[in-house]
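Summary of structural features
Chain residues, written in single-letter form:
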Amino acid sequence: MDKATTRPLSDSELERYARHIVLPEIGGAGQQRLKRARVLVIGAGGLGAPALSYLAAAGVGTLGIVDDDIVSLSNLQRQIIHRTDALDKAKVDSAADTIASINPHVAVEKHRLRLTATGAAELVAGYDIVTDGSDNFETRYAVADACAAAGKPLVTGAVGRFDGSLTVLKPYAHGADGAPLPSYRDLFPEPPPADMVPSCAEAGIVGALTGVIGTLQAMEVIKLITGIGEPLVGRLLLYDGLGARFETMKYGRSQT
């Protein structure tokens, strides 16, 4: 993030972000870091929708959106960045329109494609942080591997029916004890068999659940950009929507 390329906050930005700037942990310097940041969001669906909305509202300077789908009626129960009048529109275009209405200071880079291992490295290299809200393991592994190789922090979340999970990955770095930090493959060595994980259309999902996890993803990204708090590195946050419970599970680098 190059300080020289970022203009000072305008009067309207100072007013818009006043509730951030008054926080000692963020302040004007933290808001400038948000303005300089380039964040890639994988998926403009259930998780990407709230993540994009809150990152745009927070003043992240550039948001990249990766999605190859179009808006369908069944999306609108949870994908709050899309509206009824956006039906049959590309999700990257619909999301960009909503972001423009949320915050005109945010630049949007649209990538209408399905991310694979072939193109992930080049795409990830152009951003500071990646947050993954994809709905398939092929993309999750491709994104995680690309971020690890490029030295980019990855905030990854997943949801199913009434529960969700979230973690932050920095496998290129070392912890306070000098040990290498865990990767996505340390947490999930192999994808489950295809018939073991039903799709959202098959199993169903509560719309508000995606809001919980997607918003937490945005919070972790903001923490990483501004350098505040303790990101979920080496910790998997689990949310049980029916029981209204959060639990945190620690995990580390595989010994094999």
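In this structure, arginine 19 sits in helix α2 (residues 18-21). Looking at arginine 19, the relative accessible area reads 68%, which means it is exposed.

Residues Ile129 and Thr131 point to one face of strand β4 (residues 129-132) and Val130 and Asp132 to the other, with burial holding for every one of them. Bridging between β4 and strand β5 (residues 154-160) involves 3 bridges; their strand directions are parallel. Its bridge partner lying in β5, valine 130 is registered against leucine 154. Taking the sense of rotation as the criterion, the β-α-β connection linking β4, helix α7 (residues 137-150) and β5 turns out right-handed.

Once that is clear, we can look at the packing of aromatic side chains. What the rule picks out here adds up to 4 aromatic pairs. Arranged with centres 5.1 Å apart and planes meeting at 80°, the rings of tyrosine 141 and tyrosine 184 form a pair that is edge-to-face. Residue tyrosine 141 is located in helix α7, and its partner tyrosine 184 is located in helix α8 (residues 184-187); the two are separated by 43 residues in the primary sequence. Classification of tyrosine 141 by relative accessible area gives buried; the value is 6%. Look at tyrosine 184 and you get buried, because its relative accessible area is 5%. Ring centres 5.3 Å apart and planes at 55° place the aromatic pair tyrosine 184 and phenylalanine 188 in the tilted group. Feature note: the residues Phe137, Tyr141, Tyr184 and Phe188 constitute an aromatic cluster, connected by ring pairs. When the ring centre of phenylalanine 137 is taken as reference, the NZ or CZ atom of arginine 140 above it lies at 4.8 Å.

You can see lysine 223 is positioned in helix α10 (residues 207-226). When its relative accessible area of 11% is taken as the criterion, lysine 223 is described as buried.

The subject of this paragraph is unusual backbone geometry. The phi dihedral of aspartate 88 falls on the positive side, at around 70°, and the residue is not glycine. Secondary-structure assignment places aspartate 88 in the loop between β2 (62-66) and α5 (91-102). For aspartate 88, a relative accessible area of 62% gives the class exposed. Of note, the phi angle at arginine 161 is positive, near 55°, even though the residue is not glycine.

In a packed pair of helices, the relevant descriptors are the angle between the two axes and the axis-to-axis distance. Here helix α6 (residues 117-124) crosses α7 at 40°, and the two axes come no closer than 9 Å. Relative to α7, the element α6 lies oblique. Considering only the axes of α6 and α7, their crossing is right-handed. Counting all contacts with α6, which are made through Ala117, Ala120, Ala121 and Val124, the residues of α7 involved are Ala142, Ala146, Cys147 and Ala150.

Bringing the sheet that holds strand β1 (residues 38-42) into the picture now. Two strands in a sheet stick together by hydrogen bonds in their backbones, pointing the same way (parallel) or opposite ways (antiparallel). Pairing is mixed in the open sheet, where 8 strands are placed in the order β3-β2-β1-β4-β5-β6-β7-β8. With partners counted over all chains shown, the strands left at the sheet margins are β3 (107-111) and β8 (245-250), one partner each. Across the sheet, the mean angle from the axis of one strand to that of its neighbour is 15°, orientation sign disregarded. Where strand β7 (residues 235-240) meets β8, 6 bridges bridge the pair, whose relative direction is antiparallel. Within the sheet, the bridge partner assigned to arginine 235 lies in β8 and is lysine 250.

Conventions adopted
- Residues numbered from 1 in each chain as written.
- Predicted model: local features only at pLDDT ≥ 70, side-chain atom pairs only at ≥ 80, totals over all residues.
- Heavy atoms only, no water.
- Helix = DSSP H or I, 4+ residues; strand = E, 2+ residues; numbered from the N terminus.
- Buried < 20%, exposed > 50% of the residue type's maximum accessible area, 1.4 Å probe, protein only.
- Pairing = 2+ DSSP bridges.
- Right-handed = clockwise from strand over helix to strand, strands pointing away.
- Phe/Tyr/Trp six-rings, centres within 6.5 Å; stacked < 30°, edge-to-face > 60°.
- Lys NZ or Arg CZ within 6 Å of the ring centre and 35° of its normal.
- Axes fitted to C-alpha atoms, helices over the stretch in contact; angles between N-to-C directions.
- Parallel < 35°, antiparallel > 145°, perpendicular 65-115°, else oblique.
- Left-handed = near helix turned anticlockwise from the far one by under 90°.
- Contact = heavy atoms within 4.5 Å.

By themselves these figures say nothing about function.
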